[in-house]
2 protein chains.
Amino acid sequence: MKHSLLCLALLAALSATTGAEAIRSEPVTPLAAPEVIDAGKAELGKKLFFDPRLSRSGFISCNSCHNLSMGGSDNLRTSIGHNWQQGPINSPTVLNSSLSVAQFWDGRAANLQEQAGGPIANPGEMASTHVLAVDVVHSIPGYVDEFQSVFGSGEVSIERMTAAIAEFEKTLVTPGSRFDQWLLGDDGALSEQELAGYTLFKQSGCVACHNGAALGGNSFQRMGVVEPYQTDNPAVGRAGVTGKDADRFTFKVPTLRNIELTYPYFHDGAAETLEEAVQLMGRLQLGRTYSEKETADIVAFLHSLTGKQPDFKLPILPPSSNQTPAPEPFAKKS
Amino acid sequence: MKHSLLCLALLAALSATTGAEAIRSEPVTPLAAPEVIDAGKAELGKKLFFDPRLSRSGFISCNSCHNLSMGGSDNLRTSIGHNWQQGPINSPTVLNSSLSVAQFWDGRAANLQEQAGGPIANPGEMASTHVLAVDVVHSIPGYVDEFQSVFGSGEVSIERMTAAIAEFEKTLVTPGSRFDQWLLGDDGALSEQELAGYTLFKQSGCVACHNGAALGGNSFQRMGVVEPYQTDNPAVGRAGVTGKDADRFTFKVPTLRNIELTYPYFHDGAAETLEEAVQLMGRLQLGRTYSEKETADIVAFLHSLTGKQPDFKLPILPPSSNQTPAPEPFAKKS
């Protein structure tokens, strides 16, 4: 009986288009497999996502800092950019990013497509320009053929490139975590400790910000509500976008999906372990000191949020032509 | 009739263990799909190959410079190493490298396993140490489990790590090129121009060095036989290994398999196009000036050497633990 209920729930989840239908009524909802609108566009976007030729050096791809082998992040405090520049902020995971209210820690991009154009032209990241990146892609016959088949013409533009990358990123949803299995009705999917952790997570207030399908990503909140956050990271957060002083140190609440894979934590990457992150969040945001056992319970719950990771073949990129602008990895050093 | 012959040849190729049986008697032999001795070990090696945690920065993996999405190379003149150091030599493709007489341009590593340990500990490349790399892998429970299942114990050593990487690299053979189809009896696999290019490739002497299954990789030859090669690259080649003055500017002959994917060419990466590489090789090695048509014919033939590229799922790496030594991407800069 339990199994047939579960099967029904899973079928419902698979057929849903906007979300899986949970058996349980909780402030967290299960992830549903994404409905890909255009598989060909997503396939093209996957290639572009893995292509380091979108960077000036020919060395850095989207996947360099949003590594899909490692939870869609680079597992560094802050990222490495062109010429080994130290990035200003922790690279957020690309997994489930389609569920976010906006993109980047400060939400300065409205959607995935707008986001995708940023790092390509950021001198501290991929250090190319939109004009150069388009020239490169346009010079590669294998890409032009694919643009033709996806968009109906071989014209390459930054809008088309970022639309394809965004379409691919929409596929990067990670359903199937043990927590989602529990939400869908499988009582045995979570251990007692994990359930205790989830209960505490709700009761002590974490869920006020980390809720919804992504357990976060749907609001901006101040980092340091009860107590100010100590950091030497100069990021001002949402205030840089809105210009409002009230938004200083306000950041997009990060998703907790796959959180065991996306260390280190916070916008400055200062918390190396989940234990550290949970204790600091409790103190700074909720004015609460979690005991060692409470911390361990919440961390156990967080480990149940790891879903099905990207499951596709390594893309093979079409080769450059004699007309492709050569990468310039060392041009600015000599 | 032609098709049944082809089928027989293909069947023979598939069942062969050391090489495909060519119908034609040529100085080039077709590639056979590799016989993987230990699939579990190769799977572990694949993860390690893609894991940037083997580098000090946590940013550079084997796949960074031997990118399997791009012909097993980085398509840069010379590679980018730790702290954006400029590498001394062009990164050779890892595809079909198991067929080489030795590894590196100067053959200083006897085999793939010996090679794999080099870049990890090279301060200009991944800049880790064998001790640190072992510590990192040993701290990752998912890896220890896999070492247990592959090697019979969870002990992690640089020997085991490089043995696994080498096992994976042995799988990176690329059969199925149109040229191989032709060698196996399919008359229609090559165009007239490609055949003319191959004939010229043999008759003018290229095949003296670029022969065998990999069209190269099986001997060391002087770069600049008839005429000295002009380069500002300081590499002395084989002499650095043997200490013999006669070996100066002697390098391992690179494979021509998948050559359209592994630009730019030569040990210094100075030739950006195949046309440039063919003309320079003709002049320097054979004292021959190829006409534009001859060059185009040989280049057309070279394009027929692209085989089946790596065909596997993007590996998902096991996450670090709280005990994993943190990457140090910027330690030496501050």
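Bear in mind that the values here come from a model prediction, so they are computed numbers and not experimental data.

Looking at this structure, I do not really get the overall build of chain A. What am I missing?
Across its full length, chain A carries twelve helices and four strands. Whereas a compact globule of 334 residues would reach a radius of gyration of roughly 20 Å, chain A reaches 21 Å, a difference of no more than 12%. In terms of overall dimensions, chain A has a C-alpha envelope of 60 × 50 × 30 Å along the principal axes. Within chain A, contacts between residues at least 6 apart in sequence are counted, and of these 68% link residues at least 24 apart.

Explain the packing of helix α2 (residues 39-50) of chain B against helix α7 (residues 158-170) of chain B to me, please; I cannot follow it from the model alone.
Each pair of packed helices gets described by two things: the angle between the helix axes and the distance between those axes. All names here are of chain B. Close contact between α2 and α7 brings their axes to 7 Å; oriented N to C, the two are set at 100°. By the angle between their axes, α2 is roughly perpendicular relative to α7. Contact with α2, carried on its side by Lys41, Ala42, Leu44, Gly45, Lys46, Leu48 and Phe49, involves Met161, Ala163, Ala164, Ile165, Ala166, Glu167 and Phe168 of α7 and no other residues of that element. Per-class residue counts for the contact of α2 with α7 are ten nonpolar, one polar and three charged.

Before we go on, may I ask you to explain the domain arrangement of chain A in this structure?
You'll often see interface size given as the accessible area lost when the parts meet. Residues and elements named next belong to chain A. Here the domain parsing of chain A yields domain 1 (39-170) and domain 2 (178-303). Spacing between the C-alpha centres of domain 1 and domain 2 amounts to 27 Å. Facing the 22 residues of domain 1 at the interface are 25 residues of domain 2. Residue composition of the side of domain 1 that touches domain 2, by class: ten nonpolar, nine polar and three charged.

Before we go on, may I ask you to explain the relation of the copies chain B and chain A in this structure?
These two copies of the chain differ by a rotation about an axis and a displacement along the same axis. Note on the copies: chain B fits chain A at an RMSD of 0.0 Å, the axial shift is 0.0 Å, and the rotation between them is 180°. Put plainly, the chains are arranged around a two-fold axis. Minimal C-alpha distance to the rotation axis in chain B is attained by Lys313(B), lying at 1.9 Å. Here 100% of the interface residues in chain B have copies in chain A that are interface residues too; the copies meet face to matching face.

I'm lost on α7(B) in this one. Help?
Two residues of an α-helix separated by three or four positions point the same way, owing to the 3.6 residues in each turn. Residue and element names in this part refer to chain B. A rise of 1.5 Å per residue sets the reference length of α7, with its 13 residues, at 18 Å; its end C-alpha atoms lie 18 Å apart and thus fit the reference within 8%. Taking burial as the measure, the 13 residues of α7 include eleven buried ones, the bulk of the element. Those residues of α7 not exposed but buried are Arg160, Met161, Thr162, Ala163, Ala164, Ile165, Ala166, Glu167, Phe168, Glu169 and Lys170.

I tried to follow the interface of chain B and chain A on my own but got confused; where do I start?
On the chain A side, the residues contacting the 35 residues of chain B number 35 residues. When grouped by side-chain class, the residues that make up the side of chain B that touches chain A number 20 nonpolar, ten polar and five charged.

What am I meant to see in the packing of helix α2 (residues 39-50) of chain A against helix α6 (residues 141-151) of chain A here?
Residues and elements named next belong to chain A. Packing of α2 against α6 leaves a shortest axis separation of 9 Å and a crossing angle of 155°. By the criterion of interaxial angle, the relationship of α2 to α6 is roughly antiparallel. In the crossing of α2 with α6, the sense of the turn from one axis to the other is left-handed. Residues Gly40, Lys41 and Leu44 of α2 lie in contact with α6, whose contacting residues are Glu146, Ser149 and Val150. Of the residues assigned to the contact of α2 with α6, the class counts are two nonpolar, two polar and two charged.

How do you make sense of the environment of Thr93(B) when you look at a structure like this?
Residues and elements named next belong to chain B. Along the polypeptide, threonine 93 turns up in the loop between β2 (85-86) and α4 (112-121). Residue classification places threonine 93 among the buried positions, given that 25 C-beta atoms sit within 10 Å. Once residues lying within four places of it in the same chain are set aside, the contact partners of threonine 93 are His66, Gly71, Gly72, Ser73, Asn258 and Thr262.

What is the right way to read helix α5 (residues 130-138) of chain A from this model?
All names here are of chain A. Residues of α5 that are buried include every one of Ala133, Val134, Val136 and Val137, and no others. Summarising the axial view, the buried residues of α5 lie within an arc of 160°, below the 170-degree limit, and thus occupy one face. Elements in contact with the buried residues of α5: α4 (112-121), α6 and α7 (158-170).

Mind showing me how you'd approach unusual backbone geometry here?
Trans is the common state for peptide bonds, and a negative phi is the common state for residues other than glycine. All names here are of chain A. The omega torsion of the bond from tyrosine 263 to proline 264 falls at -10°, within 30 degrees of zero and hence cis. Positive phi values are uncommon outside glycine, yet tryptophan 84 reaches one of about 60°. Looking at where tryptophan 84 falls in the secondary structure, it is placed in the loop between β1 (80-81) and β2 (85-86). On the basis of neighbour counts, which here come to 18 C-beta atoms within 10 Å, the residue tryptophan 84 falls in the partly exposed class. A positive phi angle, close to 60°, is found at asparagine 96, a residue other than glycine. Summarising the element assignment, asparagine 96 is placed in the loop between β2 and α4. We classify asparagine 96 as buried; it has 25 C-beta atoms within 10 Å.

Mind showing me how you'd approach the environment of Ser25(A) here?
Residue and element names in this part refer to chain A. Secondary-structure assignment places serine 25 in the loop between α1 (2-15) and α2. Classification of serine 25 as exposed rests on a count of 7 C-beta atoms within 10 Å. For the pair formed by serine 25 and leucine 183, sequence separation is 158 residues and the distance between their alpha carbons is 8.1 Å.

Mind showing me how you'd approach the environment of Gln113(A) here?
All names here are of chain A. With respect to the helices and strands, glutamine 113 occurs in helix α4. As a C-alpha pair, glutamine 113 and isoleucine 259 span 146 residues in sequence and 24 Å in three-dimensional space. In contact with glutamine 113, not counting residues within four places along its chain, are Thr162, Ala163 and Ala166.

Please explain the confidence of the model for chain A as it appears in this structure.
Low-confidence regions, as indicated by low pLDDT, have predicted coordinates that should not be scrutinised in detail. All names here are of chain A. Residues of chain A with pLDDT of at least 70 account for 93%, and the chain-wide mean is 93. Between residues 1-18, whose pLDDT stays under 50, and residues either more than four places distant or in other chains, the model counts 19 contacts. Interface predicted TM-score (ipTM) for the complex: 0.93; the corresponding pTM is 0.93.

The rules we used
Residues numbered from 1 in each chain as written. Chains lettered and ligands numbered in written order. Predicted model: local features only at pLDDT ≥ 70, side-chain atom pairs only at ≥ 80, totals over all residues. Helix = DSSP H or I, 4+ residues; strand = E, 2+ residues; numbered from the N terminus. Rg over C-alpha atoms; globule rule 2.2 N^0.38 Å. Contact = placed C-beta atoms within 7 Å. Axes fitted to C-alpha atoms, helices over the stretch in contact; angles between N-to-C directions. Parallel < 35°, antiparallel > 145°, perpendicular 65-115°, else oblique. Nonpolar A, V, L, I, M, F, W, Y, C, P; charged D, E, K, R; others polar. Domains from an automatic or database assignment. Least-squares fit on C-alpha atoms with pLDDT ≥ 70 in both. Expected span 1.5 Å × (residues − 1). Buried ≥ 20, exposed ≤ 12 C-beta atoms within 10 Å, placed from the backbone. Left-handed = near helix turned anticlockwise from the far one by under 90°. Arc of directions from axis to C-beta. pLDDT = per-residue confidence, 0-100.

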